[in-house]
Amino acid sequence: MTTTRLERCFAALKQQNRPALVSYLTAGDPDAETSRRLLHGLPEAGVDIIELGMPFSDPMADGPAIQKAALRALEGGQTQAKTLEMVRSFREQNSTTPIVLMGYYNPIYCYGVERFLTDAAKAGIDGLIVVDLPPEHDEELCQPAAKHGIDFIRLATPTTDAKRLPKVLGNASGFIYYVSVAGVTGGSAPTPERLESAVRELREHTELPIAVGFGIRTAEQAATIGRFSDAVVVGSALVDCIEHANTPDEAVERVHGLVSELAESVRACRKASERQAC
Amino acid sequence: MNQFVNLPDANGLFGSFGGRFVAETLMPLILELQDEYTAAKNDPEFQRQLAYFQGDYVGRPSPLYFAERLTEHFGGASIYLKREELNHTGAHKINNCIGQVLLAKQMGKKRIIAETGAGMHGVATATVAARFGLPCVIYMGATDIERQQPNVFRMKLLGAEIVPVTSGTGTLKDAMNEALRDWVTNVDDTFYIIGTVAGPHPYPAMVRDFQAVIGHETRTQMIEKQGRLPDSLVACVGGGSNAMGLFYPFINDPAVKMIGVEAGGKGVKSGLHAASLNGGTPGVLHGNRTYLLQNEDGQITDAHSISAGLDYPGIGPEHAWLYEQGRVEYVSATDDEALEAFQICCRQEGIIPALETAHALAEVAKRAPTLPREHLMVVNLSGRGDKDMMSVAHHLGDKFGVKNR
């Protein structure tokens, strides 16, 4: 049986005994060319898994940072087709770094689910995270995606109770994305103690790797959470770098700079904790 | 004909419309709400309380009034107005808010949030929150705050906190996005009172059921007055709660024709309108699949209407279903047609309707003259127009010697 890019990625990281660094950027933000440069430089800066946002006009689960990113991208003319093309062109140079598209269902629905999955598989997309498709709607996209060999990454949240968890994990693949706080992206930081016990509990119910995201902004936070999770997702903090940059060059420099810091920190985090333990 | 009445199905679907397209964080709560609502429907004590507040607090039943002068004016069908504008707070919105706040109490929620466009749902929500002693936050687009100042003031008087929403275009859809963001952040203690027959299941069915008192009363009242059912029902449709409330109890009576009137803005062909059925395509937004105003890439586009309450790029999923099934006819009225009908209603009946309602009256102006006097036409007079004085003055100011600002 062939393995997927995501499986290979997590297996390699397990060997290295470190968590994955997952970066989120919105495709087309702040403009098509800068976004392309940002994307292409992520692996070298230290990203293990790329989450690429499909911009949507009404991002209900996102805080101000990613809302603004989506608007910048849409104003720059970003479309679903352009996002898929970005990935296709990235794959010409990189065949190992997994790419997961994240967003809302409507742009996929309007593109046409079958057409989208065909094009996404062809472009080299590994997984999908669609915020507004709970397991109750698995027949919409989750099950068709499996037929195209695309993972459907499920979100588990602090409100997902024991009764509901089997349903959430049912058709999940790739990895589980644990939403650290009840809220929108870019919110306040979660407490590590509560997170650690939530992740431990999740592990009892799934073999899949567990990523933690929402509210993780700094290298310190990434290190703390990376000690007990399989992946750490950073989004709004990176997107903020783009907003605060005065030029495209500065945006690229700032984003890749922060990514390097985060990467260094997740690479060292378990070593540091081993030393502490000694 | 039972195909219409037993919906939605267990997954909240009306055909392919509706559903529960929400973030996982909200799912447990939405499932709990569904259970609570199902229980409340069959709980005599809940129903007794609901009936009590509908009667003594809201002032129900609202009259079914024979509009003799309008009937004469149009020279055709006999026109009856279902006087929802006489309800406490001046619109049909409170029917739903009373029901939802009782549920919120029952579920032990400590805080109420809502979105509002024209402000009528915001006022109704702030009202019931005050009555039940719950803190209340209303999300309202910054653009709408500008054009609906009297309602903003009313909400503040009632103790609500108004949060201006500047994201997107600062209208109803953005207010709803922001309310959803609040809800997902405060899911433990907060009850979201959605104002129309949209959102994730069970909201479309629940709001419809709370509003169906309009249609149930109309049925009884028309039988008392004329000994038979009406021939046609006309209501304006934004999200579509006043229309669903009037239509639903007649949905299995094939002889009763139903007409929903969307906001045509500058005309459906102009692209500047809020007519989701007549000028939109199916998509997924705010927790449900329905008809939406959107571009071909699935990005939601702005709605345009003189009436803030209809200025929404979607419509309740049950309307989308009834539209595709052909059970309800959906037409549109432009801003100008609504303004004309607004004035006719003021002059002929001494009733100042809401600009939303004026869209339904605009359809009456087109349809009634072609029908015989025996035709009994009921129009849902869903709200009163006091809140619209500034907008109307802006558009008609010259005619009345009011200075335009």
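Heads up: the structure comes first, above all this text.
All values reported here derive from a predicted model rather than from experimental measurement.

> Sorry if this is basic, but what is going on with the overall build of chain B here?
Counting its secondary structure elements, chain B contains 17 helices and 14 strands. Here the C-alpha atoms of chain B give a radius of gyration of 19 Å, agreeing with the 22 Å that 2.2 N^0.38 yields for 405 residues. With the C-alpha coordinates of chain B rotated into their principal frame, the extents come out at 55 × 50 × 45 Å. For chain B, buried positions account for 65% of its 405 residues. Considering only residue pairs separated by 6 or more positions, chain B has 74% of its internal contacts joining residues 24 or more positions apart. When the accessible surface of chain B is totalled, it reaches about 13700 Å², and 51% of it is carbon and sulfur.

> Help me understand the overall build of chain A in this model?
Summing up its helical and strand segments, chain A has twelve helices and nine strands in all. In terms of overall size, chain A behaves like a compact globule, its C-alpha atoms giving a radius of gyration of 17 Å where 278 residues would be expected to give roughly 19 Å. Across its three principal axes, chain A shows a C-alpha extent of roughly 55 × 45 × 35 Å. The buried share among the 278 residues of chain A stands at 62%. Taking the contacts inside chain A whose residues are at least 6 apart along the sequence as the reference set, 73% of them involve residues at least 24 apart. Accessible surface computed for chain A: about 11100 Å², of which carbon and sulfur atoms make up 50%. Computed over 28 positive and 37 negative side-chain charges, the inter-centroid distance for chain A is 3 Å.

> Help me out: how do you make sense of the packing of aromatic side chains in this one?
Remark: the centre distance and the inter-plane angle together describe each pair of aromatic rings, the angle taken between the planes. Applying the stated criterion across every chain yields a total of 17 aromatic pairs over all chains. Plain terms: the ring middles of Y111(A) and F116(A) are 5.8 Å apart, the flat faces sit at 85° to each other, and that makes the pair edge-to-face. Considered together, Y111(A) and F116(A) belong to a single accessibility category, that of buried residues. With 5.1 Å between their ring centres and 45° between their planes, F66(B) and Y80(B) make a pair best called tilted. Taken as a pair, F66(B) in strand 3 (residues 64–66) and Y80(B) in strand 4 (residues 78–82) lie far apart in primary sequence, 14 residues in all. Take F66(B): its relative accessible area is 32%, and that puts it in the partly exposed class. Look at Y80(B) and you get buried, because its relative accessible area is 4%. Each member of the aromatic cluster is reached from another via a ring pair, and the members are F17(B), Y291(B), Y323(B) and Y330(B). The positively charged end of R115(A) is found above the aromatic ring belonging to Y111(A), 3.9 Å away from the centroid. Looking at R83(B), its charged tip hangs above the ring of Y65(B), at a distance of 5.5 Å from the centre.

> What is the right way to read the interface of chain A and chain B from this model?
It is common to give the size of an interface as the accessible area that goes away when the parts come together. Across the contact, 34 residues belong to chain A and 33 residues belong to chain B. Surface buried jointly by chain A and chain B totals about 2700 Å² across both partners, of which 53% is contributed by carbon and sulfur atoms. Viewed at the interface, chain B and chain A are joined by three salt bridges. The partner of E24(B) in a salt bridge is R164(A), with the nearest N and O atoms 2.7 Å apart. Linking chain A with chain B are 17 residue pairs in polar contact (both at pLDDT 80 or more), by the criterion used here. Mapped by element, the contributors of at least two residues to the side of chain A that touches chain B are helix 3 (64–75) and helix 5 (105–111) of chain A. Considering every element that reaches the side of chain A that touches chain B, the biggest residue donor is helix 5 of chain A, with five residues. For the side of chain A that touches chain B, a count of residues per class yields 17 nonpolar, eleven polar and six charged.

Reading guide: rules and limits
- Residues numbered from 1 in each chain as written.
- Chains lettered and ligands numbered in written order.
- Predicted model: local features only at pLDDT ≥ 70, side-chain atom pairs only at ≥ 80, totals over all residues.
- Heavy atoms only, no water.
- Helix = DSSP H or I, 4+ residues; strand = E, 2+ residues; numbered from the N terminus.
- Rg over C-alpha atoms; globule rule 2.2 N^0.38 Å.
- Buried < 20%, exposed > 50% of the residue type's maximum accessible area, 1.4 Å probe, protein only.
- Contact = heavy atoms within 4.5 Å.
- Areas by Shrake-Rupley, 256 points an atom, 1.4 Å probe, with all protein chains shown as cover.
- Lys, Arg positive; Asp, Glu negative; His and termini not counted.
- Charge placed at Lys NZ, Arg CZ, Asp CG, Glu CD.
- Phe/Tyr/Trp six-rings, centres within 6.5 Å; stacked < 30°, edge-to-face > 60°.
- Lys NZ or Arg CZ within 6 Å of the ring centre and 35° of its normal.
- Buried area = accessible area lost by both parts, 1.4 Å probe.
- Salt bridge = Lys/Arg side-chain N within 4 Å of Asp/Glu carboxyl O.
- Polar contact = N/O pair within 3.5 Å; in protein donor to acceptor, adjacent residues only side chain to side chain.
- Nonpolar A, V, L, I, M, F, W, Y, C, P; charged D, E, K, R; others polar.

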